[in-house]
Each structure stands twice: as structure tokens, then as C-alpha cells.
Amino acid sequence: MADLRNNFVGIKSPNPFWLASAPPTDKAYNVERAFKAGWGGVVWKTLGEEGPPVVNVNGPRYGAIWGADRRLLGLNNIELITDRDLYTNLREMKQVKMNWPDRALIASIMVPCEENAWKSILPLVEETGADGIELNFGCPHGMSERGMGAAVGQVPEYIEMVVRWCKQYTRMPVITKLTPNITDVRKPARAAKSGGTDAVSLINTINSITSVNLDTFSPEPSIDGKGSHGGYCGPAVKPIALNMVAEIARDPETYGLPISGIGGITTWRDAAEFLVLGAGNVQVCTAAMTYGFKIVEEMITGLSAWMDTKGHRTLDDICGRAVPNVSDWQYLNLNYIAKARIDQDACIKCGRCHIACEDTSHQAITQYVDGKRHFEVMEDECVGCNLCVNVCPVQDCITMVGLEPGVLDERTGKTVDPNYANWTTHPNNPMARQAAE
Amino acid sequence: MGTTETGILSGRLSPVEYERNFSDLHPPLDEHEALVASDRCYFCYDAPCMTACPTSIDIPLFIRQISTGNPIGSANTIFDQNILGGMCARVCPTETLCEQACVRNEAEHRPVEIGRLQRYATDIAMRENRQFYQRAEPTGKSIAVIGAGPAGLACAHRLAVKGHDVVIYDAREKAGGLNEYGIATYKAVDDFAQAEVDYVLAIGGIEIRNNQMLGRDFSLSDLLSKHDAVFLGLGLAGVNALRAEGETAEGVEDAVDFIAALRQSATKADIAIGRRVVVLGGGMTAVDAAVQAKLLGAEEVTICYRRGKEHMNASEFEQDLAAAKGVTIRHWLQPKRIIARDGKVAGIELDYTSITDGRLTTTGETGVLTADHVLKAIGQTFEADGLGIITLQSGRIVVDAEGRTSLDRVWAGGDCVLGGEDLTVSAVAQGRDAAESINHVLAAASQPAVAVA
């Protein structure tokens, strides 16, 4: 049985599955239920400064997009940080931490970008026994208009400054949560590191309008006929999050900086992908909001079963394993040649591979062979693009098969070169020519 | 379960039981169900379901339109190919047509519910009386259609769209043909056949003359003198004779008459049924009659078919439906003699049969079934009275690929033509295509002659 115990910047939890700072972690009632369900830790819903709490809209807070059978693929929200009194939250956090000493409890914090604001809240949080703090520099709506959240996260200098204050005024580990609403996620990560952060967590939600009501012409969620951009999350954002995690994991300037991976994690498989791309643990929100806290059981057992099958004993055995394989396009091996293969026994003859290839790609899949409906890859036309694999409704029916060195590529008429060669040295690359001259 | 009294009796059940037994066989999908069902469609390219549909409805497109919340557009897609798409959605043996071809069968053995989705879309459009077609400029041409069944209605509608005037002559009191008189009640509830006739006629330019029978009330030459073209959608008016001793005993009835009477009855309580019913035949009519006999309160209903299960024309689905309703299906039994007592059916003696050297023969063994009601569903025949010199073969009208008969200006389609499939949907396709052919020929005839230099 794989050992899923997690040690993230010194914060210990029985498994790497934390609930992200969000509605599911807004109060003791929910967090107690989450811990009972088996979650390894929670990042408490973001605390604001002392005084009258923020207010939320009183209409719909969420918008969504769906896939087949109304499966929720993407969710956005216009909710703000906790709208409960600071001291109520602190009191509940302290009690929950006492009740659940083996679980991680992290306080998410967002206060104005002033040294005193941070200096005064940190001791209050520390007093609860929280295991660490997460700086909310990501929230893209509402708070950002008040100079907080993403408004800080989009300016690396501010990030560095606030992280420095936090490291100065608390002994608790500092996790800096990054916004994806920037051009290059490495810049804020580097700034957080310069400020002395213990870790970064990402991604926060993405600026988004999920849909527009075509009767009222109001964006959704609609508040009295108007809508605002909200923070997008859920399965649809996972690819964006994975890339950003990998960018930081492989950036020489931030290499080794612990990462808490967030963004659309719905199954154990999603979690494992974040872990192997360099995350030390993961945070989940939308999946829990869609299915309830019980999903953590699937995540724990799934991750454990996969690790057992592969012989990985601890999380250290898998974390970051895929990072060395993340490369830049220019270094990809241009001598690697793959062709699509259709398993005729699995093929249900829907024809989608054919029409995708015929209409939009390389005309490399038959429709009829000997007068019969039959879909087969024409290797002399196939560029190995993988589109057919992706549009095929049957899993593993179409696969990409790499050609062995020395085998003839019927499309080019050349045999497969066993040697690695990339764009930097390719004769068609003007820069490569210049270098050679 | 009604009274077990022997004899052919009406009112075997309570009103509530009649109501329940003759309600919709497949209740319509609601919006949620339709969305879930439509999500399953893969939007196949050159879709096999579409190829399997005799009217070539663009099934992937109409299902995608449902899934995107456009049922009206979906109905338009359906009606473009099949103006009787509403009835076809109810009566098509989809399990042997579109749904059999669905690629979902390959991986999951469960096709997309194409028939029910088609009903969903067409029901909405018809309920809202959304009409999708406007008549072209009047052509001044007039076409006679004989028979207001599926072939005739489809033909008339397409001709009306093209700007022609149409007169439909029908021998029955109501239009609709088999849709009105020949379909099991639970497949077309709420007087759907008449609602559909009204929907089709709403295009305008179509006049229906009821109680007008070819050969009795008018002749083909009458019509040819009054109209520019004639379409024959006569259907099959005759039934095969049993040719067994005792056939005239009281209690031996044609299944088509039984089914027609049921359809015309408002409460079904007035339809008499025996206690022990034997249905002879192996097609859809046999199943429709047997199931409805059971639903009317018969204690025992047995279908006797003279060949094996694999030879039955009734689809697997229909056979299962009969079994589920408590009908016993027995194979390799051929009627030998109706046993009558006091002039009334008391039983039926049957020969056991087998196929020897490719021919059906009796084995010499016989058996007797007690019965007080025998329904004959042993096939319908084409009554060719009044057709004159039109070429027939095997008792059906010979037509070319466009539906033209051997007689100039006369087209035909539906069950009355050679190679007809006894399917509503095929009749629709043939009527529609004949209309296109008629339109083409009439248009060519009205072109001014081009001078040849």
C-alpha cells in the first residue's frame, strides 16, 4: 500500500489532497465535514482585515459550462472573500485545528497592500494554531478593484514586497497563491521567491464570462440584468494550470520552489498529473462543489492503486517526475515519426476520424475500401497529427504508433533517422543557417 | 384481467383498464430526457442511420438541433425529407431501420433513441403548428392522388409545395389510410393520424374527397381527363383467404378489420373479443391484433405462425412486445380446419409444419387449440379493379425508379407497388419521390419549345 502522507513545506497531512480556499472552507461546519470525509487539509476561505466584512451579491454567484449529459466542465464565480466576521473565523479555525491535529489547516489572507495591515492580522492567525498562510494574490474580481487579490498578483514588485512583510512578521510557512491572469507566470513566481516565500500555489481562477443570456443579453451569472467577469475554474482550466505549474517547476530561477497545484483537479489522475509535473500537493475545489466531499475517497484510493501498480512507495517517488520531459518546441525531436493506427475490431464506424481528417487536416483516412464503409489510415498521407485520436469516441480505438528507426516513412519516402534532430539545427531554420555560416 | 366468460364479448374490462391498456406505448420524451438522449449521438459522418432511413432524414443534424435547444429547427430537418415524420416516429420499426444502423450498437448494444427523439421534435412543431413550407407560384396544373394514406399524403404535400393543385380521392370516411385504420391504437393515441392529416393539409392547395372509390365512383380515365397527372397510392385493400374448412364460422375475423374497428372506437369497451383468441400470421398485423386482443381482456391469446421465429415479418421488438403483454407465439403451425359448434368458432385444428427440401410441408401431425375467436392476419392483397391496362406483376403495380407506371401520366407508390416494403416510411418516400418526378415532367412539358435551327 502506497504511503500518501504529505509533507509540504513542513506542513504535514495524511494525504496530498487539500481543499482550496473557497466556499467549501468558509466555516467550521463545512471543514469538519471535509475532514470527516478524509481530506488531508484545507485552506480556509480567505480572511480579510478586521472590521465590517465584505458583502456579496445577493443574486447568483456562479456561472457554468457543461459537456454531454450536463456534466459540469467549467464554473465561474463572482463571490468575494469570506463575508463573515474575522474573529468568528479565527475562533472556528482554532477549534477545528484542535479537533483535527493531524490535518493541515492553512489560513488564506487578503488585506490591503499596506505593511500595517499584514503586520496586524498575522499574529491573530498565528494564534489559531494554523499550520501556514496562503497569500491570496489571485482573486480576479471585486477585491482586485480595491487594490487587492489579482491587482497585487499582477505586479511582481508588490508580490515580493508583501511576501517579505509576511516572512518578517510570522513564523508560519508562507504560500503565495498566483493568478493566471498574467502573461508569464514565471515573473510573479520569481518575485514571490525573491520575497522569501516558502511555496507558491496556482492557479487561482481565470477572468471569464461563461455565457450570455440570449433573451436578456446579460452575461451570466446575471445580477438584475448585468453581469461581471468572474473567476473560472473546474475541469476546463486544468490544461492551463498544468502548463503554469510546469513552467515554474522547470524555470531555473524557481527550480525546487515547492508548488501546491490547483486547477480543475477532479480525479486521482488529474492530481497525479499535477504531482508529476512538480506540485508537492494539490488543492481541489470545483470537484467537491460538484459532487460533495466524498470524492476524496476516489482520489485517495485511485492514487494509491496507481502508485502500487507502478511500484511507487511515497509521494517523493512521483513528484516532479515529468518535469525533465517538459521541453520547448524547438528542442522536440523532428526525426520522431508517428502514424495513426485504427483498431478495426474496436472501430464503430462513426466516420468522425475520416471527416475530421478530410475536411480539416490531411486527407489521410479512407471512408470506403472495396465499396465498404471502412476507415483506415493512409500512411503515405498521415502526418501523425493525432486529431483522429482526439475526435474518436472510442477510447484506444485509434492510437499513435511511432515508426522504428530505419523504417520507411511512406509520406516522405525517407527512412526514419535514428538520430535526434531539432529545429535549432534544421536547414529550414534561418537562424540555424546564420549560425552555420 | 377481465371476465373469463367464453364467447366474443365487449366490455370485458373496466373503463380504467381500457384507458390504461390503450395509452401511449412509448410515452413521449420530456425535455430533459430528450437532451440526455440526444447527447448520445456521435454526429457520425455519412451516418449509417441516415442511409438506413427510407426517407433519408438527416438524423445526426436533427438530433444535434435537439441537443442545442432547437427542436423547431430539428422538426424542419425531419419534415424536409418526411412530412409524416410524426407518424413514422411512432410506427417505424426503428429497431430494423435507423436504430439498427446506429454505431452505438457496436460498442454498447444500445442505439441512440432516434425514433423517440424524432417524435420529440415533431410533436413540438406540430403542437405549435409551425409550418415550414410555402407554396410556390401556382402552376395551374392539377394532380389527382388516389388514396389518402402515407404515400398519397406525402405525394400531395410535395406537389402542393411545388405550386400544383391536388385532389385526393379516398375510399374511406377519413383520410390517413393505414395510419388511421391500420396502426395499433397504442402507437397513435390522441387521434394523432387526423392531427397529422390536418398538419399536412395546412400547406393549402390539397382537397380531399372521401368515400370515393376507384372503379365504383370514378374511373382512371375520368381522372386522366380532368387532371394533368395521377398518383396511385391505393394501398392493399384485400386480404388473403384462409382456404381452410370452417372459415365462415362466426368468430373468424380479419385482423385488419379488427384493428380498424379498434382505432375508430373511442372507449374500446364496445369492441368485442373472445376469451381464447388465436391469431393466424407472423407479421406486424398479427402482433398488433394479438397484443390488442390481450389488452381488450382476452384470457388467452396465441399467435400461430406456419414457419419459424426467424421467418416472422414482425420485428424482434414486436415479438418481445407481444410476449411481454402475455401473448403466446407458436411456430410451425398451419391452420387446417376451424372447428365450429352451432355455427360459432369453438377451436382450430392445426397441422404441424416443417421445411423439407426448401419447401414448407405438413408433417402429418396435428393439434387442436380451443378458441372462440380467430383473427386472420395472413397477408393483404392488392385489389387492382379499375386500373385497366397498367402493368402488374405478382399482383402489384410495376413502377420505375421514379414511381412511373406503364401508363403515361400515372405514377404509383406505397404498398400497392411491386417491391413495396409494407412500411409507412417507405410509402412516404415513394410518394414524395413520385411528386418530384411528376413535377419534373409537368415542368418540362410547360417549357416553351426551343426552336431548332
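Before any of the text, the structure's been laid out above.
Residues numbered from 1 in each chain as written. Chains lettered and ligands numbered in written order. Predicted model: local features only at pLDDT ≥ 70, side-chain atom pairs only at ≥ 80, totals over all residues.

A few points about the overall build of chain B
Phase 1 of the analysis: Scanning chain B for helices and strands turns up 17 helices and 17 strands.
Phase 2 of the analysis: The C-alpha radius of gyration computed for chain B amounts to 23 Å, which stays within 12% of the reference 22 Å derived for 453 residues, consistent with globular compactness.
Phase 3 of the analysis: Each principal axis of the C-alpha distribution contributes one length, and for chain B these read about 80 × 55 × 50 Å.
Phase 4 of the analysis: Split into buried and exposed, the 453 residues of chain B put 48% on the buried side. (Helix = DSSP H or I, 4+ residues; strand = E, 2+ residues; numbered from the N terminus. Rg over C-alpha atoms; globule rule 2.2 N^0.38 Å. Buried ≥ 20, exposed ≤ 12 C-beta atoms within 10 Å, placed from the backbone.)

Thoughts on the interface of chain A and chain B
Phase 1 of the analysis: Of the residues lining the interface, twelve residues belong to chain A; the matching set on chain B comes to ten residues.
Phase 2 of the analysis: Residues of the side of chain A that touches chain B, tallied by class, amount to six nonpolar, three polar and three charged. (Contact = placed C-beta atoms within 7 Å. Nonpolar A, V, L, I, M, F, W, Y, C, P; charged D, E, K, R; others polar.)

Quick word on unusual backbone geometry
The phi torsion of most residues other than glycine is negative, and most of the peptide bonds are trans.
Phase 1 of the analysis: Cis geometry marks the peptide bond from Leu202(A) to Ile203(A), where omega comes out at 10°.
Phase 2 of the analysis: Positionally, Ile203(A) belongs in the loop between strand 10 (199-202) and strand 11 (206-208).
Phase 3 of the analysis: In this structure, Pro221(A) follows Glu220(A) across a cis peptide bond, with omega equal to -5°.
Phase 4 of the analysis: The backbone phi angle of Asn386(A) is positive, close to 85°, even though this residue is not glycine.
Phase 5 of the analysis: Along the chain, Asn386(A) falls in the loop between strand 19 (372-373) and helix 12 (387-391).
Phase 6 of the analysis: Despite not being glycine, Ser56(B) shows a phi value in the positive range, around 55°.
Phase 7 of the analysis: Counting through the fold element by element, Ser56(B) comes out in the loop between helix 3 (48-52) and helix 4 (59-67).

Quick look at the nonpolar core
Phase 1 of the analysis: With 150 residues, the main nonpolar core has Ile59(B), Phe231(B), Val279(B), Ala289(B), Ala290(B) and Ala293(B) as its most contacted residues.
Phase 2 of the analysis: For Ala293(B), the residues in contact, after removing those within four places along its chain, are Ile273(B), Val277(B), Val279(B), Ala298(B), Val301(B) and Leu375(B).
Phase 3 of the analysis: One finds Ile121(A), Ile133(A), Ala279(A) and Cys319(A) within the second-largest nonpolar core, a separate group that totals 97 residues. (Core = buried A, V, L, I, M, F, W, Y, C linked by C-beta atoms within 7 Å.)

A closer look at the pairing of strand 7 (residues 104-109) of chain A
Residue and element names in this part refer to chain A.
Phase 1 of the analysis: Extensive coverage of strand 7 is indicated by the burial of six of its six residues.
Phase 2 of the analysis: The alternating pattern of strand 7 places Ala104, Ile106 and Ser108 and Leu105, Ala107 and Ile109 on opposite faces, both of which are buried.
Phase 3 of the analysis: Here five bridges tie strand 4 (residues 41-47) to strand 7, and the two strands are oriented parallel to one another. Bridge pairing links Trp44 to Ala107 in strand 7.
Phase 4 of the analysis: Pairing between strand 7 and strand 8 (residues 132-136): four bridges, direction parallel. Opposite Ile106, over in strand 8, you have Gly132 as the bridge partner.
Phase 5 of the analysis: One crossover worth recording links strand 7 to the parallel strand 8 by way of helix 3 (residues 115-126), and it is right-handed. (Pairing = 2+ DSSP bridges. Right-handed = clockwise from strand over helix to strand, strands pointing away.)

Side note on helix 9 (residues 114-127) of chain B
Residue and element names in this part refer to chain B.
Phase 1 of the analysis: Across its 14 residues, helix 9 extends 20 Å between first and last C-alpha, which sits within 8% of the 20 Å expected from 1.5 Å per residue.
Phase 2 of the analysis: Among all positions in helix 9, only Ile114, Gly115, Leu117, Gln118, Arg119, Tyr120, Ala121, Thr122 and Ala125 are buried.
Phase 3 of the analysis: On its buried side, helix 9 packs onto helix 2 (31-39), helix 3, helix 4, helix 5 (71-81), helix 6 (85-91) and helix 7 (98-101).
Phase 4 of the analysis: Just downstream of helix 9, Asn129 is the residue with a positive phi angle, here 45°. (Expected span 1.5 Å × (residues − 1).)

Some points on the environment of Ser14(B)
All names here are of chain B.
Phase 1 of the analysis: Checked against the element boundaries, Ser14 lands in the segment before helix 1 (15-21).
Phase 2 of the analysis: Given 12 C-beta atoms within 10 Å, Ser14 falls into the exposed group.
Phase 3 of the analysis: In sequence terms Ser14 and Gly297 are 283 residues apart; their C-alpha atoms lie 9.7 Å from each other.

A closer look at the packing of helix 15 (residues 284-295) of chain B against helix 16 (residues 316-324) of chain B
Residue and element names in this part refer to chain B.
Phase 1 of the analysis: One way to put it is that helix 15 packs onto helix 16 with a least axis distance of 10 Å and a crossing angle of 20°. Relative to helix 16, the element helix 15 is oriented roughly parallel. For the element pair helix 15 and helix 16, the recorded crossing hand is left-handed. Together, Met284, Val287, Ala290 and Val291 of helix 15 and Glu318, Gln319, Leu321 and Ala322 of helix 16 make up the contact between the two elements.
Phase 2 of the analysis: Classifying every residue of the contact of helix 15 with helix 16 by side-chain character gives six nonpolar, one polar and one charged. (Axes fitted to C-alpha atoms, helices over the stretch in contact; angles between N-to-C directions. Parallel < 35°, antiparallel > 145°, perpendicular 65-115°, else oblique. Left-handed = near helix turned anticlockwise from the far one by under 90°.)

Concerning the packing of helix 2 of chain B against helix 9 of chain B
Residues and elements named next belong to chain B.
Phase 1 of the analysis: Orientation of helix 2 relative to helix 9, taken along the N-to-C sense of each, is 135°, at an axis distance of 10 Å. The orientation of helix 2 with respect to helix 9, classified from their angle, is oblique. Between helix 2 and helix 9 lies a crossing of left-handed hand. Where helix 2 abuts helix 9, its residues Ala34, Ala37 and Ser38 lie against Arg116, Leu117 and Tyr120.

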